[in-house]
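Structural description and commentary
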Amino acid sequence: MTESSSTRKPIGPLQDLDEWEEALQKRYPEPPSPTKKPEEFRNYEADARPSVCEFYRLNHRHQCLDFVRDKKRQFLPLKERTMGIWEAMEFLNTLVDDSDPDTSLTQIDHLMQTAEAIRRDGHPRWFILTGLIHDLGKVLCLFGEPQWAVVGDTFPVGCAFSEKIVFHEFFAQNPDSQVAEYQTPCGIYEEGCGLDKVHLSWGHDEYLYQVVKDYLPDEALAMIRYHSFYPAHREGAYAHLMNQHDRKLFDSVRAFNPYDLYSKSAVRPDVELLTPFYQELIAEYFPPTLRW
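Residues numbered from 1 in each chain as written. Predicted model: local features only at pLDDT ≥ 70, side-chain atom pairs only at ≥ 80, totals over all residues. Heavy atoms only, no water.

**Let's talk about unusual backbone geometry**
Positive phi, normally seen in glycine, also occurs at F167, with a value near 55°. With relative accessibility at 2%, the residue F167 sits in the buried group. The phi angle at Y238 is positive, at roughly 65°, despite the residue not being glycine. Structurally, Y238 is set in the loop between α10 (230-233) and α11 (244-262). (Buried < 20%, exposed > 50% of the residue type's maximum accessible area, 1.4 Å probe, protein only. Helix = DSSP H or I, 4+ residues; strand = E, 2+ residues; numbered from the N terminus.)

**Structural notes on the packing of aromatic side chains**
Here the structure, examined in full by the defined rule, presents 22 aromatic pairs. Aromatic pair Y226 and F229: ring centres 6.3 Å apart, planes at 45°, arrangement tilted. Owing to a relative accessible area of 4%, Y226 belongs among the buried residues under this scheme. Using a relative accessible area of 0% as the deciding quantity, one classes F229 as buried. Measuring from centroid to centroid gives 4.8 Å for F277 and Y278, while their planes differ by 85°, and the two rings are edge-to-face. (Phe/Tyr/Trp six-rings, centres within 6.5 Å; stacked < 30°, edge-to-face > 60°.)

**A look at the environment of Y238**
The class for Y238 is buried, based on a relative accessible area of 5%. Sequence separation between Y238 and P185 is 53 residues; the distance between their C-alpha atoms is 8.2 Å. Discounting residues that sit within four places of it in the chain, Y238 has contacts with P156, C159, A160, F161, S162, I165, F229 and P231. Polar side-chain contacts of Y238 include one of 3.2 Å to the backbone oxygen of A160. (Contact = heavy atoms within 4.5 Å. Polar contact = N/O pair within 3.5 Å; in protein donor to acceptor, adjacent residues only side chain to side chain.)

**Some details on helix α1 (residues 18-27)**
Among the 10 residues in α1, seven count as buried, and that is most of the element. Every buried residue belonging to α1 is among D18, E19, W20, E21, A23, L24 and R27, and all of these are buried.

**Here's the deal with the pattern of salt bridges**
Taken as a whole and judged by the stated rule, the model has 14 salt bridges. Here D153 makes a salt bridge to R27, at a shortest N to O gap of 2.0 Å. Pair noted here: D153 is in the loop between α7 (125-133) and α8 (204-212) and R27 is in helix α1, with a separation of 126 residues, a long-range link. One exposure class covers both D153 and R27, and it is buried. In this structure, the salt-bridge partner of R225 is E206, at a minimum N-O distance of 2.8 Å. Here R225, found in helix α9 (residues 218-226), pairs with E206, found in helix α8; they are 19 residues apart in sequence, far enough to count as distant. When its relative accessible area of 9% is taken as the criterion, R225 is described as buried. Overlapping salt bridges, with partners in common, bring together E19, E22 and R49 in one network. (Salt bridge = Lys/Arg side-chain N within 4 Å of Asp/Glu carboxyl O.)

**A short note on the packing of α7 against helix α12 (residues 271-285)**
Contact geometry of α7 with α12 gives a least axis separation of 10 Å together with a crossing angle of 110°. When the interaxial angle is binned, α7 and α12 end up roughly perpendicular. Judged by residue contacts, R125, W126, I128, L129 and L132 of α7 engage F277, Y278, E280, L281, I282, E284 and Y285 from α12. Looking at the contact of α7 with α12 residue by residue, the class counts come to nine nonpolar, no polar and three charged. (Axes fitted to C-alpha atoms, helices over the stretch in contact; angles between N-to-C directions. Parallel < 35°, antiparallel > 145°, perpendicular 65-115°, else oblique. Nonpolar A, V, L, I, M, F, W, Y, C, P; charged D, E, K, R; others polar.)

Structure below.
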């Protein structure tokens with residue numbers, strides 16, 4: 001192992017990664033509205049916390065095509081650690097908010113809350129497992145990555161930035177905004193090419209997808225890879241890059257999204273009681289160790 005399991009705070013303007021998810025809940029209150037007026041989107045941006053604004057400024061400035069390609073070269077050989085899924089959950093548990101340790105739920109608490117909500121609704125075992133592991137890619141923070149390269153709404157790079165991406169104005173500082181080839185709807189891609197051929201902004205979604213892609217059904221992998229792709233699954237952007245398979249899989253992404261956003265609460269799950277069930281579920285789909 002190349003990392004110790006010491007407590008570490010994320011690098012960036014957010015107090016903790018939950019602050020981004022709280023901002024998402026304000027932007028997309030439950031139940032989702034079938035229509036959203038542009039002025040409502042702008043009001044959200046005006047009311048966002050300064051730390052959230054700064055987070056998106058950094059994200060939109062630095063998440064360019066070259067950056068994404070560099071991160072894939074750095075991390076996708078999967079040489080950071082070798083560990084099992086449960087070990088990764090315990091490792092992620094060291095990522096806590098140092099400013100308020102008495103009131104913050106652990107990362108395992110949050111993961112189990114999501115999985116238990118899915119389980120209560122009678123979904124298949126692979127769906128429950130997806131809820132449990134979907135945020136494990138956030139271990140990137142424990143490898144020293146800044147917040148804006150771990151979480152945040154994901155979006156394609158190498159083509160025009162959709163105006164439906166929150167804080168779109170911050171893309172003016174992105175170097176790709178000065179590359180004419182990247183500023184058409186398709187950019188370096190072809191219409192209908194499929195999202196598998198598209199570079200999305202780098203973060204925990206893509207990283208975890210690459211770690212687990214050989215072990216789960218396509219629907220589960222789409223939930224993991226695209227659950228932060230809000231411009232697409234909540235705003236309808238980038239449909240021109242999708243193929244028919246993507247459109248079918250996004251039904252699963254949308255089915256997963258409410259559990260991702262709205263299942264967290266202050267009620268702590270009984271981790272000790274639930275651990276045997278989830279360890280058995282993990283062993284059903286995954287080998288004892290994986291490369292990260």
